[in-house]
Amino acid sequence: MNLFCGWTDRRSISEEGEWDALEISAASLRRENFTFDVAFTSCLRRANQTLEVVLRELNLTHIPVHQLWRLNERHYGALTGFNKRQMADIYGEPQVQVWRRSFNVPPPPIEADNPYYSAIRNNPKFRHIGESDFPLTETLETTMQRVVPEWTDTIIPEVRAGKKVLVVAHGTSLRGLVKHIQDISDADIMKFNLPNSIPFIFDFDENMKMVGGIRFLANQDDVLKAMEKVASIGK
């Protein structure tokens, strides 16, 4: 597969993704005896199904779940739906890596001849998104411009209320949140990769100051290997 999925929503979670949700995400949280009061996720099916697996395994299917389009994965523009290696062969690996990892360099915008254009634009889950907010391509910077306000206005109030909050989203939307929370520089975020499926924790005190830093629920070797896999364009 190894696709630029972005806002595509045709596919259910893959068999590998379901295994990861069960045996990595849910198992890690269960091992640490985590419980949650409320969950947030995107409007994309793969994130919703991942969350369903986790909540089922933690016996938390009763908690409120909020689906927020601003937690959607980054929109990959003209790259949407295509294989990453294929795009690297066409545009060159350095250029594709700039599009993938830079803070503010966008891929070309998606156009009507992209096979996923109509499905994305006509997805009923997105019908409430205003025309000015509907992206044709995004960078990490522009993804953060929608994700961070959702974090501040919708998610943080739940944390302030003393609730334990679970967020299940996507690589770039979560990477943007980590950049915001940890105040990572534009240059350093280019070298930072979030491992897929491995849960990470932020703790906050009563004044909403972060206690410690990001904490991954896995050993360091597994985290580093997963980070390297994310950084690679693959096959």
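Residues numbered from 1 in each chain as written. Predicted model: local features only at pLDDT ≥ 70, side-chain atom pairs only at ≥ 80, totals over all residues. Heavy atoms only, no water.

*Asks:* Would you take a moment to explain the overall build of the protein chain for this structure?
*Replies:* Scanning the protein chain from terminus to terminus reveals nine helices and five strands. Starting at the N terminus and ending at the C terminus, the protein chain contains elements arranged as α-β-α-β-α-α-α-α-β-α-α-β-β-α. What you see for the protein chain is a C-alpha radius of gyration of 17 Å, in line with the 18 Å of a compact globule of 235 residues. Principal-axis analysis of the C-alpha atoms gives the protein chain an extent of 45 × 40 × 35 Å. Relative to its 235 residues, the protein chain shows a buried fraction of 46%. Within the protein chain, residue pairs in contact and separated by at least 24 positions form 78% of the contacts whose partners lie at least 6 positions apart. Carbon and sulfur atoms make up 49% of the accessible area of the protein chain, which amounts to about 12200 Å² in all. (Helix = DSSP H or I, 4+ residues; strand = E, 2+ residues; numbered from the N terminus. Rg over C-alpha atoms; globule rule 2.2 N^0.38 Å. Buried < 20%, exposed > 50% of the residue type's maximum accessible area, 1.4 Å probe, protein only. Contact = heavy atoms within 4.5 Å. Areas by Shrake-Rupley, 256 points an atom, 1.4 Å probe, with all protein chains shown as cover.)

*Asks:* Can you walk me through the pattern of salt bridges in this structure?
*Replies:* Where charged atoms from two side chains of opposite charge approach closely, those side chains can pair. With the rule as written, the count across this model stands at 13 salt bridges. Its salt-bridge partner being Glu16, residue Lys229 comes within 3.6 Å of it at the nearest N-O pair. Taken together, the residues span a long stretch of sequence, with Lys229 in helix α9 (residues 220–231) and Glu16 in helix α1 (residues 15–31) at a distance of 213 residues. Look at Lys229 and you get exposed, because its relative accessible area is 62%. We note a salt bridge from Lys163 to Glu158, for which the minimum N-O separation is 3.0 Å. Through salt bridges with shared partners, a single network forms among Arg30, Arg56 and Glu57. (Salt bridge = Lys/Arg side-chain N within 4 Å of Asp/Glu carboxyl O.)

*Asks:* Is there a simple way to think about the sheet that holds strand β3 (residues 165–168) in this case?
*Replies:* Sheet strands line up and pair through hydrogen bonds in the backbone, either parallel or antiparallel. With parallel pairing, three strands are arranged side by side in an open sheet as β2-β1-β3. Single-partner strands in this sheet number two, and they are β2 (65–67) and β3. For this sheet, the mean angle separating the axes of adjacent strands, direction not counted, is 20 degrees. Of the strand pairs in this sheet, strand β1 (residues 38–41) and β2 are connected by three bridges, and their pairing is parallel. Bridge pairing in β2 places Ala39 opposite Val65. (Pairing = 2+ DSSP bridges. Axes fitted to C-alpha atoms, helices over the stretch in contact; angles between N-to-C directions.)

*Asks:* Whenever I open this one, the UniProt feature "binding site: substrate" (unreviewed entry) in the protein chain confuses me. Can you help?
*Replies:* The positions that UniProt labels "binding site: substrate" (unreviewed entry) are, in the present scheme, Arg46, Glu73, Arg74, His75, Tyr76, Lys84, Arg100 and Arg101. Looking at the element boundaries, His75 is found in the loop between β2 and α3 (84–91). Since its relative accessible area comes to 1%, His75 is described here as buried. Not counting the four nearest positions on each side in its chain, His75 is found in contact with Trp7, Thr80, Ile110, Ile120, Pro135, Leu136, Thr137, Glu138 and Arg146. As for its placement among the helices and strands, Arg100 is situated in helix α4 (residues 93–101). A relative accessible area of 5% places Arg100 in the buried class. (UniProt positions renumbered as here; feature names shortened; annotations may be inferred.)

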